[in-house]
Amino acid sequence: MKWRTWLVGLIAIVAVSATAIHLPAEQAQPAADFTVDGVHSMVIFGIRHKGVSNTYGRFNDISGSVSWSNEKPENGSITLTIKAGSV
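Residues numbered from 1 in each chain as written. Predicted model: local features only at pLDDT ≥ 70, side-chain atom pairs only at ≥ 80, totals over all residues. Heavy atoms only, no water.

Peer 1: Is there a simple way to explain the side chain of serine 69 in this structure?
Peer 2: Inspection of the secondary structure puts serine 69 in strand β4 (residues 62–69). For serine 69, a relative accessible area of 18% gives the class buried. (Helix = DSSP H or I, 4+ residues; strand = E, 2+ residues; numbered from the N terminus. Buried < 20%, exposed > 50% of the residue type's maximum accessible area, 1.4 Å probe, protein only.)

Peer 1: Sorry if this is basic, but what is going on with the environment of serine 86 here?
Peer 2: Here serine 86 shows up in the segment after β5 (77–82). Judged by its relative accessible area of 14%, serine 86 is buried. When the C-alpha positions of serine 86 and arginine 58 are compared, they lie 8.0 Å apart, and in sequence the two are 28 residues distant. With residues near it in sequence (within four places) discarded, serine 86 still touches Arg58, Phe59, Asn60 and Asp61. A distance of 3.1 Å separates a polar atom in the side chain of serine 86 from the backbone nitrogen of aspartate 61. (Contact = heavy atoms within 4.5 Å. Polar contact = N/O pair within 3.5 Å; in protein donor to acceptor, adjacent residues only side chain to side chain.)

Here it is, written out as structure tokens:
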């Protein structure tokens, strides 16, 4: 169960960092829609194996978007699609 929580958090971080981190503060817009860059983004996960070791993997084929408004942050959304076959 812990790995699922970690994975959801990681997905959100990837989505936001892949789209918004390169915007200088003076160019940031109050309301914006961003698209996840599928070429430069990936989702990484880790699984504990029998309490002895960790196994890591990644999904390479992802797409998504981030929508944000400073005036109404409750209307913001993150949509992320991960193709399971891209492990």
